[in-house]
Amino acid sequence: MAKIIGGLTSSHIPAVGNAIEQGLTQEPYWKRFFDGYAPAKAWLAENQPDVVIVVYNDHGLNFFLDKVPTFAIGCADRYENADEGWGLKPVAPFTGDAELSWHIAESLVEQEFDICTCQEIKVDHGFVNPLRALWGTSDPWPIKTIPLAVNTVQHPVPSAKRCLQLGHALGRAIESYPEDLKVVVLGTGGMSHQLQGERAGIINVEFDLDCMEKIINEPQWLTQFSNDEIMAQAGTEGIETIMWLVMRGALQPQVKLVHKHYHVPISNTGAGLLVLDNQ
Ligand code: DHB
Ligand code: FE
(Lines give C-alpha, C1' and ligand atoms only; values in the text may rest on other atoms or scores of the structure.)
(Ligands and ions follow the chains in the order given, each with its own letter.)
Protein backbone atom coordinates (compact mmCIF):
# COMPACT_ATOMS: atom_id res chain seq x y z
CA MET A 1 0.00 0.00 0.00
CA ALA A 2 1.07 3.61 -0.46
CA LYS A 3 2.47 5.19 2.68
CA ILE A 4 2.76 8.86 3.59
CA ILE A 5 6.26 9.00 5.02
CA GLY A 6 6.27 12.70 5.82
CA GLY A 7 5.10 16.23 5.25
CA LEU A 8 6.98 19.42 4.45
CA THR A 9 6.21 23.10 4.17
CA SER A 10 8.08 25.64 2.11
CA SER A 11 7.83 29.20 0.95
CA HIS A 12 7.21 29.69 -2.78
CA ILE A 13 8.44 33.29 -3.21
CA PRO A 14 9.20 33.91 -6.93
CA ALA A 15 12.60 35.52 -6.16
CA VAL A 16 13.74 32.14 -4.77
CA GLY A 17 13.71 30.73 -8.32
CA ASN A 18 15.73 33.67 -9.59
CA ALA A 19 18.29 33.31 -6.80
CA ILE A 20 18.76 29.62 -7.65
CA GLU A 21 19.04 30.31 -11.36
CA GLN A 22 21.51 33.16 -10.90
CA GLY A 23 23.69 31.23 -8.43
CA LEU A 24 23.06 33.67 -5.58
CA THR A 25 22.17 31.15 -2.87
CA GLN A 26 25.36 31.80 -0.87
CA GLU A 27 25.15 35.61 -1.16
CA PRO A 28 24.57 37.36 2.21
CA TYR A 29 20.90 38.15 1.46
CA TRP A 30 20.11 34.52 0.62
CA LYS A 31 22.58 32.39 2.58
CA ARG A 32 20.60 31.88 5.78
CA PHE A 33 17.39 31.14 3.85
CA PHE A 34 18.97 28.50 1.59
CA ASP A 35 21.17 26.99 4.32
CA GLY A 36 17.91 26.24 6.12
CA TYR A 37 17.07 23.74 3.37
CA ALA A 38 20.11 21.50 3.94
CA PRO A 39 18.52 19.30 6.66
CA ALA A 40 15.33 18.98 4.57
CA LYS A 41 17.34 17.87 1.54
CA ALA A 42 19.23 15.38 3.70
CA TRP A 43 15.95 13.91 5.04
CA LEU A 44 14.62 13.55 1.48
CA ALA A 45 17.86 11.95 0.30
CA GLU A 46 17.71 9.47 3.17
CA ASN A 47 14.01 8.63 2.83
CA GLN A 48 13.73 8.64 -0.98
CA PRO A 49 10.02 9.32 -1.57
CA ASP A 50 8.54 8.24 -4.92
CA VAL A 51 5.83 10.88 -5.23
CA VAL A 52 5.27 14.36 -3.82
CA ILE A 53 1.77 15.81 -3.60
CA VAL A 54 2.26 19.57 -3.87
CA VAL A 55 -0.49 21.58 -2.16
CA TYR A 56 -0.19 25.08 -3.58
CA ASN A 57 -2.22 27.95 -4.94
CA ASP A 58 -2.24 28.99 -8.54
CA HIS A 59 -1.60 32.73 -8.91
CA GLY A 60 -3.22 33.22 -12.32
CA LEU A 61 -1.04 31.13 -14.64
CA ASN A 62 -3.50 28.26 -14.94
CA PHE A 63 -6.75 29.48 -13.37
CA PHE A 64 -7.63 33.10 -13.93
CA LEU A 65 -10.23 35.06 -11.97
CA ASP A 66 -13.02 34.08 -14.35
CA LYS A 67 -12.84 30.40 -13.32
CA VAL A 68 -11.42 29.44 -9.92
CA PRO A 69 -12.01 25.99 -8.44
CA THR A 70 -11.83 25.92 -4.64
CA PHE A 71 -9.86 22.65 -4.77
CA ALA A 72 -8.37 21.09 -7.92
CA ILE A 73 -6.10 18.11 -8.58
CA GLY A 74 -3.91 17.37 -11.57
CA CYS A 75 -4.72 14.03 -13.21
CA ALA A 76 -1.98 13.91 -15.83
CA ASP A 77 1.35 12.20 -16.45
CA ARG A 78 3.08 15.48 -17.28
CA TYR A 79 2.84 19.07 -16.04
CA GLU A 80 4.46 22.06 -17.70
CA ASN A 81 5.63 25.30 -16.20
CA ALA A 82 5.40 28.55 -18.22
CA ASP A 83 6.53 32.17 -18.10
CA GLU A 84 4.56 34.08 -15.45
CA GLY A 85 6.34 37.38 -15.87
CA TRP A 86 8.62 37.26 -12.80
CA GLY A 87 11.66 36.94 -15.07
CA LEU A 88 11.68 33.23 -14.24
CA LYS A 89 12.68 30.95 -17.09
CA PRO A 90 10.32 27.95 -17.31
CA VAL A 91 11.82 24.75 -15.87
CA ALA A 92 11.67 21.23 -17.33
CA PRO A 93 8.25 19.51 -17.31
CA PHE A 94 7.30 17.41 -14.29
CA THR A 95 6.30 13.75 -14.43
CA GLY A 96 2.91 13.05 -12.84
CA ASP A 97 1.21 9.84 -11.74
CA ALA A 98 -2.24 10.00 -13.34
CA GLU A 99 -3.30 6.67 -11.90
CA LEU A 100 -2.63 7.78 -8.33
CA SER A 101 -4.27 11.15 -9.06
CA TRP A 102 -7.49 9.50 -10.26
CA HIS A 103 -7.50 7.24 -7.22
CA ILE A 104 -7.17 10.29 -4.95
CA ALA A 105 -9.91 12.15 -6.85
CA GLU A 106 -12.29 9.18 -6.61
CA SER A 107 -11.60 8.73 -2.92
CA LEU A 108 -12.00 12.45 -2.16
CA VAL A 109 -15.34 12.63 -3.97
CA GLU A 110 -16.48 9.51 -2.11
CA GLN A 111 -15.53 11.34 1.10
CA GLU A 112 -17.65 14.32 -0.07
CA PHE A 113 -14.76 16.55 -1.20
CA ASP A 114 -15.96 17.29 -4.72
CA ILE A 115 -12.59 18.28 -6.15
CA CYS A 116 -12.11 19.61 -9.68
CA THR A 117 -10.10 17.14 -11.83
CA CYS A 118 -7.70 18.64 -14.37
CA GLN A 119 -6.09 16.64 -17.17
CA GLU A 120 -3.94 19.65 -17.93
CA ILE A 121 -2.46 22.12 -15.42
CA LYS A 122 0.28 24.64 -16.02
CA VAL A 123 2.16 24.78 -12.72
CA ASP A 124 3.34 28.17 -11.44
CA HIS A 125 5.90 29.45 -8.90
CA GLY A 126 3.71 28.19 -6.04
CA PHE A 127 4.50 24.64 -7.20
CA VAL A 128 7.89 25.00 -8.88
CA ASN A 129 9.97 27.03 -6.43
CA PRO A 130 9.59 24.77 -3.37
CA LEU A 131 10.54 21.78 -5.54
CA ARG A 132 13.61 23.65 -6.79
CA ALA A 133 14.60 24.63 -3.26
CA LEU A 134 14.15 21.07 -1.93
CA TRP A 135 15.35 18.88 -4.81
CA GLY A 136 17.48 21.27 -6.88
CA THR A 137 16.52 22.30 -10.40
CA SER A 138 16.64 19.11 -12.48
CA ASP A 139 15.94 17.87 -15.98
CA PRO A 140 14.44 15.35 -15.67
CA TRP A 141 13.05 15.82 -12.15
CA PRO A 142 14.00 13.01 -9.73
CA ILE A 143 10.49 12.57 -8.32
CA LYS A 144 6.91 12.24 -9.55
CA THR A 145 4.63 15.12 -8.65
CA ILE A 146 0.89 15.68 -8.25
CA PRO A 147 -0.43 19.25 -8.08
CA LEU A 148 -3.27 19.93 -5.65
CA ALA A 149 -4.41 23.53 -6.01
CA VAL A 150 -6.26 25.40 -3.26
CA ASN A 151 -7.89 28.74 -4.02
CA THR A 152 -6.31 31.37 -1.75
CA VAL A 153 -6.63 34.16 -4.31
CA GLN A 154 -10.26 34.89 -5.20
CA HIS A 155 -12.77 35.17 -2.36
CA PRO A 156 -14.55 33.13 -1.10
CA VAL A 157 -11.49 31.18 0.04
CA PRO A 158 -11.96 27.88 1.95
CA SER A 159 -11.51 28.05 5.73
CA ALA A 160 -8.54 26.74 7.67
CA LYS A 161 -10.90 24.14 9.15
CA ARG A 162 -11.97 22.96 5.69
CA CYS A 163 -8.32 22.68 4.60
CA LEU A 164 -7.49 20.52 7.63
CA GLN A 165 -10.51 18.29 6.86
CA LEU A 166 -9.41 18.00 3.22
CA GLY A 167 -6.04 16.87 4.53
CA HIS A 168 -7.67 14.12 6.61
CA ALA A 169 -9.51 12.89 3.50
CA LEU A 170 -6.33 13.19 1.40
CA GLY A 171 -4.44 11.04 3.90
CA ARG A 172 -7.09 8.29 3.69
CA ALA A 173 -7.11 8.58 -0.11
CA ILE A 174 -3.34 8.16 -0.44
CA GLU A 175 -3.04 5.33 2.07
CA SER A 176 -5.81 3.31 0.36
CA TYR A 177 -3.79 3.16 -2.89
CA PRO A 178 -2.68 -0.46 -3.44
CA GLU A 179 0.75 0.22 -4.95
CA ASP A 180 3.77 0.33 -2.60
CA LEU A 181 4.73 3.97 -2.94
CA LYS A 182 6.46 6.32 -0.53
CA VAL A 183 4.59 9.62 -0.63
CA VAL A 184 5.37 13.02 0.86
CA VAL A 185 2.92 15.91 1.03
CA LEU A 186 4.31 19.43 0.60
CA GLY A 187 2.34 22.52 1.63
CA THR A 188 3.67 25.65 -0.05
CA GLY A 189 3.24 29.39 0.44
CA GLY A 190 2.76 31.62 3.40
CA MET A 191 3.72 32.86 5.79
CA SER A 192 2.77 36.46 6.60
CA HIS A 193 2.81 38.76 3.59
CA GLN A 194 0.77 41.39 1.82
CA LEU A 195 1.94 42.53 -1.58
CA GLN A 196 -0.32 45.52 -2.15
CA GLY A 197 -2.47 48.17 -0.49
CA GLU A 198 -1.91 50.23 2.62
CA ARG A 199 -0.45 47.37 4.64
CA ALA A 200 1.92 46.16 1.87
CA GLY A 201 5.07 44.74 3.44
CA ILE A 202 3.48 43.64 6.73
CA ILE A 203 5.29 40.70 8.35
CA ASN A 204 4.04 39.27 11.67
CA VAL A 205 6.91 37.18 13.06
CA GLU A 206 5.07 36.30 16.27
CA PHE A 207 2.02 34.93 14.44
CA ASP A 208 4.23 33.05 11.94
CA LEU A 209 6.20 31.39 14.73
CA ASP A 210 2.97 30.45 16.56
CA CYS A 211 1.62 28.88 13.35
CA MET A 212 4.82 26.92 12.80
CA GLU A 213 4.86 25.60 16.36
CA LYS A 214 1.16 24.70 16.45
CA ILE A 215 1.02 23.07 13.02
CA ILE A 216 3.50 20.42 14.18
CA ASN A 217 1.21 18.63 16.65
CA GLU A 218 -1.77 20.91 17.34
CA PRO A 219 -2.92 21.97 13.86
CA GLN A 220 -6.54 22.54 14.93
CA TRP A 221 -5.21 25.66 16.73
CA LEU A 222 -5.22 27.54 13.40
CA THR A 223 -8.84 26.51 12.71
CA GLN A 224 -10.08 28.75 15.55
CA PHE A 225 -9.45 31.74 13.26
CA SER A 226 -11.70 32.96 10.45
CA ASN A 227 -10.01 33.89 7.18
CA ASP A 228 -10.56 37.58 8.02
CA GLU A 229 -8.75 37.07 11.33
CA ILE A 230 -5.84 35.28 9.62
CA MET A 231 -5.53 38.07 7.06
CA ALA A 232 -5.68 40.69 9.83
CA GLN A 233 -2.76 38.92 11.53
CA ALA A 234 -0.73 37.81 8.53
CA GLY A 235 -1.67 40.11 5.64
CA THR A 236 -3.94 39.34 2.70
CA GLU A 237 -1.57 36.84 1.09
CA GLY A 238 -0.72 35.42 4.51
CA ILE A 239 -3.90 33.38 4.02
CA GLU A 240 -1.73 31.02 1.91
CA THR A 241 -0.61 29.41 5.18
CA ILE A 242 -3.97 27.56 5.40
CA MET A 243 -2.62 25.26 2.66
CA TRP A 244 -0.17 23.86 5.21
CA LEU A 245 -3.18 22.38 6.99
CA VAL A 246 -4.00 20.21 3.97
CA MET A 247 -0.51 18.73 4.26
CA ARG A 248 -0.76 18.43 8.04
CA GLY A 249 -4.21 16.82 7.96
CA ALA A 250 -2.88 14.05 5.72
CA LEU A 251 -0.41 12.94 8.45
CA GLN A 252 -0.93 11.07 11.71
CA PRO A 253 -2.28 13.01 14.72
CA GLN A 254 1.25 13.00 16.26
CA VAL A 255 4.33 13.40 14.09
CA LYS A 256 8.04 13.79 14.73
CA LEU A 257 9.56 17.18 13.99
CA VAL A 258 12.72 16.65 11.94
CA HIS A 259 13.50 20.25 11.02
CA LYS A 260 12.10 23.74 11.51
CA HIS A 261 13.51 26.90 9.97
CA TYR A 262 12.07 30.43 9.74
CA HIS A 263 13.59 33.38 7.93
CA VAL A 264 12.55 36.99 7.28
CA PRO A 265 12.49 38.82 5.07
CA ILE A 266 12.90 37.33 1.64
CA SER A 267 11.14 39.80 -0.62
CA ASN A 268 8.13 40.82 1.54
CA THR A 269 7.41 37.51 3.14
CA GLY A 270 7.98 35.31 6.17
CA ALA A 271 9.45 32.00 4.99
CA GLY A 272 8.81 28.86 7.02
CA LEU A 273 10.24 25.41 6.40
CA LEU A 274 9.08 22.31 8.29
CA VAL A 275 9.97 18.65 7.87
CA LEU A 276 7.60 16.29 9.69
CA ASP A 277 8.27 12.56 9.85
CA ASN A 278 5.05 10.51 9.72
CA GLN A 279 6.55 7.07 10.43
C1 DHB B 1 5.81 36.93 -3.09
C2 DHB B 1 5.22 35.93 -2.31
C3 DHB B 1 4.24 35.12 -2.85
O4 DHB B 1 3.61 34.15 -2.14
C5 DHB B 1 3.87 35.24 -4.16
O6 DHB B 1 2.96 34.38 -4.64
C7 DHB B 1 4.42 36.23 -4.95
C8 DHB B 1 5.39 37.08 -4.41
C9 DHB B 1 6.89 37.81 -2.56
O10 DHB B 1 7.15 37.79 -1.35
O11 DHB B 1 7.53 38.51 -3.35
FE1 FE C 1 2.03 33.14 -3.29
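Our structure's up above, just so we're on the same page.
Residues numbered from 1 in each chain as written. Chains lettered and ligands numbered in written order. Predicted model: local features only at pLDDT ≥ 70, side-chain atom pairs only at ≥ 80, totals over all residues. Heavy atoms only, no water.

### A word on the site of ligand 1
Step number 1: Residues in contact with ligand 1, as listed here, are H12, I13, P14, H59, W86, H125, H193, L195, E240, S267, N268 and T269.
Step number 2: One of the side-chain N or O atoms of H193 is found 2.8 Å from an oxygen atom in ligand 1.
Step number 3: The contact in question runs from an oxygen atom of ligand 1 to an N or O atom on the side chain of T269, over 2.5 Å.
Step number 4: Of the residues assigned to the shell around ligand 1, the class counts are 4 nonpolar, 7 polar and 1 charged. (Near = heavy atom within 4 Å. Polar contact = N/O pair within 3.5 Å; in protein donor to acceptor, adjacent residues only side chain to side chain. Nonpolar A, V, L, I, M, F, W, Y, C, P; charged D, E, K, R; others polar.)

### Some words on the coordination of the iron ion (ligand 2)
Step number 1: Surrounding the iron ion (ligand 2) are the protein donor atoms H12 (NE2), H59 (NE2) and E240 (OE), which sit 2.0 to 2.2 Å from the metal.
Step number 2: For the iron ion (ligand 2), the donor residues sit on a single chain with the sequence spacing H-x46-H-x180-E. A residue pair is termed long-range when its members are at least 10 positions apart, and H12 in the loop between β1 (3-10) and α1 (14-21) and E240 in the loop between α8 (227-234) and α9 (243-249) qualify at 228 residues. (Donors = N, O, S within 2.8 Å, 3.2 Å for Na, K, Ca; no water. Helix = DSSP H or I, 4+ residues; strand = E, 2+ residues; numbered from the N terminus.)

### Some remarks on the sheet that holds strand β4 (residues 78-81)
Step number 1: Strands sit in the order β5-β4-β7 across an open sheet of 3 strands; the sheet is mixed. Strand pairing shows two members of the sheet lacking a second neighbour, β5 (94-95) and β7 (122-123), which therefore form its edges.
Step number 2: In the sheet, β4 pairs with β7 via 2 bridges, with the strands oriented parallel. Bridge pairing in β7 links E80 to K122. (Pairing = 2+ DSSP bridges.)

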